[in-house]
Amino acid sequence: MTLNQKFIIFIATGCYSGKIPFAPGTFGTVAAIPFVLVFLIIPASFTGIYITGLILVAIYFSDQAEKILGKKDPGCIVIDEIAGYVVTMSWVPVNIYTIVAGFFIFRFFDIVKPGPVKYFENNFSGGAGVVLDDIMAGILSAAVLRILYLSGIF
């Protein structure tokens with residue numbers, strides 16, 4: 001494997017958190033927490049640019065990692081969980097309560113894959129196929145988390 005390929009795998013696996021032999025998606029979501037904390041330091045006006053950039057980077061690295069590994073959506077690729085969890089956290093203030101609740105809500109939607117999430121998983125291939133179902137899980141999770149936040153639970 002070339003140095004470039006090793007770098008792609010390092011990024012796609014969330015600094016190798018996706019290489020943990022059990023629950024790689026869960027550990028990939030944990031690896032996303034520093035990316036969520038970025039919301040505490042960037043101006044709100046840059047949120048859309050940040051999320052869009054992260055999604056595009058995730059699609060690129062997922063696509064390249066699939067080619068290197070020769071597998072369709074291997075579990076070790078967790079940059080999609082990172083992007084999806086960042087989307088989850090984009091509609092609420094970031095604090096310990098929203099981080100924990102968002103984590104569990106996102107993992108639920110990512111694992112269960114209700115209708116729209118399953119649609120994206122089944123109808124896209126390559127990097128987009130790896131990432132877009134997690135983005136949809138993130139959108140659904142963000143909506144639930146926002147409702148809980150507005151109801152005063154956090």
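This paragraph deals with the overall build of the protein chain. On a plain count of helices and strands, the protein chain comes out with eight helices and zero strands. Walking the protein chain from its N terminus toward its C terminus, one meets helices and strands in the order α-α-α-α-α-α-α-α. What you see for the protein chain is a C-alpha radius of gyration of 15 Å, in line with the 15 Å of a compact globule of 154 residues. Across its three principal directions, the C-alpha atoms of the protein chain cover 50 × 35 × 30 Å. When the 154 residues of the protein chain are sorted by exposure, 43% land in the buried category. Residue pairs in contact within the protein chain that sit at least 24 positions apart in sequence constitute 71% of those at least 6 positions apart. One way to put it: in the protein chain the 9 positive side-chain charges average out to a point 4 Å from where the 9 negative ones average out.

This part is about the side chain of S17. The topology assignment puts S17 in the loop between α1 (3–12) and α2 (24–31). By relative accessible area, which is 12% here, S17 ends up buried. If near-sequence neighbours (up to four positions away) are discounted, S17 is found in contact with P24, F27, G28, A31 and V78.

Before going further, it helps to spend a moment on unusual backbone geometry. At C15, a position not held by glycine, the phi torsion is positive, near 60 degrees. Its identity as a non-glycine residue notwithstanding, D73 has a phi of 45 degrees, on the positive side. Along the chain, the position of D73 falls in the loop between α4 (47–69) and α5 (79–88). Note on D73: relative accessible area 25%, which makes it partly exposed.

Attention now goes to helix α8 (residues 126–150). Look at α8: 37 Å from first C-alpha to last across 25 residues, which is about the 36 Å you get at 1.5 Å a residue. Phi for G152, located one or two positions after α8, is positive at around 90 degrees.

Before going further, it helps to spend a moment on the packing of α4 against α5. Axis separation between α4 and α5 bottoms out at 9 Å; the angle between their running directions is 165 degrees. Classed by the angle they form, the pair α4 and α5 counts as roughly antiparallel. As for the relative orientation of α4 and α5, their crossing is left-handed in sense. Mapping the contact onto sequence places Y50, I51, L54, I55, V57, A58, F61 and S62 in α4 and I79, I82, A83, V86 and V87 in α5. A per-class count over the contact of α4 with α5 returns 12 nonpolar, one polar and no charged.

Rules used in this analysis
- Residues numbered from 1 in each chain as written.
- Predicted model: local features only at pLDDT ≥ 70, side-chain atom pairs only at ≥ 80, totals over all residues.
- Heavy atoms only, no water.
- Helix = DSSP H or I, 4+ residues; strand = E, 2+ residues; numbered from the N terminus.
- Rg over C-alpha atoms; globule rule 2.2 N^0.38 Å.
- Buried < 20%, exposed > 50% of the residue type's maximum accessible area, 1.4 Å probe, protein only.
- Contact = heavy atoms within 4.5 Å.
- Lys, Arg positive; Asp, Glu negative; His and termini not counted.
- Charge placed at Lys NZ, Arg CZ, Asp CG, Glu CD.
- Expected span 1.5 Å × (residues − 1).
- Axes fitted to C-alpha atoms, helices over the stretch in contact; angles between N-to-C directions.
- Parallel < 35°, antiparallel > 145°, perpendicular 65-115°, else oblique.
- Left-handed = near helix turned anticlockwise from the far one by under 90°.
- Nonpolar A, V, L, I, M, F, W, Y, C, P; charged D, E, K, R; others polar.

Purely geometric numbers; function is a separate question.
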